[in-house]
Amino acid sequence: MDDSRETSFEPSTGDGPPLSEPPEKRAAAVRTAFEGLLQIRRLTRAGHPDPEGVPAEWELHRPVRAVALALEAAGIPASATGPSGERTAAGYRVCAGEAPGSVRVEWAGPPGSGAAHDEEEALGRCLTVLRAAGWTPLLYRGPKRRRFLEVEPPAGTGRARGR
């Protein structure tokens, strides 16, 4: 019987339960997944001057997953939720953005965690990581003056929206 479904890797988006696997095992899985993503980039963007610096077509079809993987691979902590959906840890939260193909990155945490206070610096780190990974992150201030990133594919991929 094929157990690949049970062992498939999913990057943390910050909307699930706290990770239960040992940190060393998770770090190895993240490293392997990110190295695989870079290999896909090298193979599919071979004609580009910096093939590892441009999202592959695979990523453009799964932007939430690709952005979450880039953040997790950079060692940025993900938020987490409890059984009732309440936040149990401060960290990034990645979800689909308003425009097709875009991703929203927030810094979320439980009440009293200091997430709102830390969001400017934390999202700045996320912005740096995502820019280095070839994405176009833009920092915005939304309702209640909370900051968030709107992340888009780079211009020229056919998926970035005009501003």
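What counts and what doesn't
Residues numbered from 1 in each chain as written. Predicted model: local features only at pLDDT ≥ 70, side-chain atom pairs only at ≥ 80, totals over all residues. Heavy atoms only, no water. Phe/Tyr/Trp six-rings, centres within 6.5 Å; stacked < 30°, edge-to-face > 60°. Buried < 20%, exposed > 50% of the residue type's maximum accessible area, 1.4 Å probe, protein only. Lys NZ or Arg CZ within 6 Å of the ring centre and 35° of its normal. Core = buried A, V, L, I, M, F, W, Y, C linked by side-chain atoms within 4.5 Å. Helix = DSSP H or I, 4+ residues; strand = E, 2+ residues; numbered from the N terminus. Contact = heavy atoms within 4.5 Å. Salt bridge = Lys/Arg side-chain N within 4 Å of Asp/Glu carboxyl O.

### A closer look at the packing of aromatic side chains
On inspection of all chains with the given rule, the structure shows one aromatic pair. With centroids separated by 5.7 Å and ring planes inclined at 25 degrees, the aromatic side chains of Tyr140 and Phe148 adopt a geometry described as stacked. Accessibility expressed as a relative area gives 29% for Tyr140, which makes it partly exposed. A relative accessible area of 9% means that Phe148 is categorised as buried. The positively charged end of Arg104 is found above the aromatic ring belonging to Phe148, 3.6 Å away from the centroid.

### As for unusual backbone geometry
The backbone phi angle of Lys144 is positive, close to 60 degrees, even though this residue is not glycine. Phi angles above zero are rare outside glycine, and Arg145 is one such case at about 65 degrees. On the basis of relative accessibility, which here comes to 58%, the residue Arg145 falls in the exposed class.

### Focus: the nonpolar core
Val67, Leu71, Val105 and Leu130 are the most contacted members of the largest nonpolar core, which has 23 residues in total. Of all the secondary-structure elements, those providing two or more residues to this core are α4 (63-73), β3 (91-96), β4 (103-108), α5 (115-132) and β6 (147-152). When residues in this core are grouped by element, the largest group, seven residues, is from α5. What Val105 contacts, discounting residues up to four positions off in sequence, is Val67, Leu71, Tyr92, Arg93, Val94, Leu123, Cys126, Leu130, Phe148, Leu149 and Val151.

### Side note on the pattern of salt bridges
The tally for this structure, following the rule as stated, stands at 13 salt bridges. With a closest N to O distance of 2.8 Å, Arg41 and Glu59 form a salt bridge. Here Arg41, found in helix α2 (residues 23-44), pairs with Glu59, found in helix α3 (residues 57-61); they are 18 residues apart in sequence, far enough to count as distant. For Arg41, a relative accessible area of 3% gives the class buried. The class for Glu59 is buried, based on a relative accessible area of 1%. Where Arg125 meets Glu121, a salt bridge forms, and the shortest distance between an N and an O atom there is 3.7 Å. Pair noted here: Arg125 and Glu121 are both in helix α5, with a separation of four residues, about one helical turn. What makes Arg125 partly exposed here is its relative accessible area of 38%. Assessed through its relative accessible area of 61%, Glu121 is described here as exposed. What you see here is one network of salt bridges that share partners, running through Asp15, Arg87, Arg93, Arg104 and Glu106.

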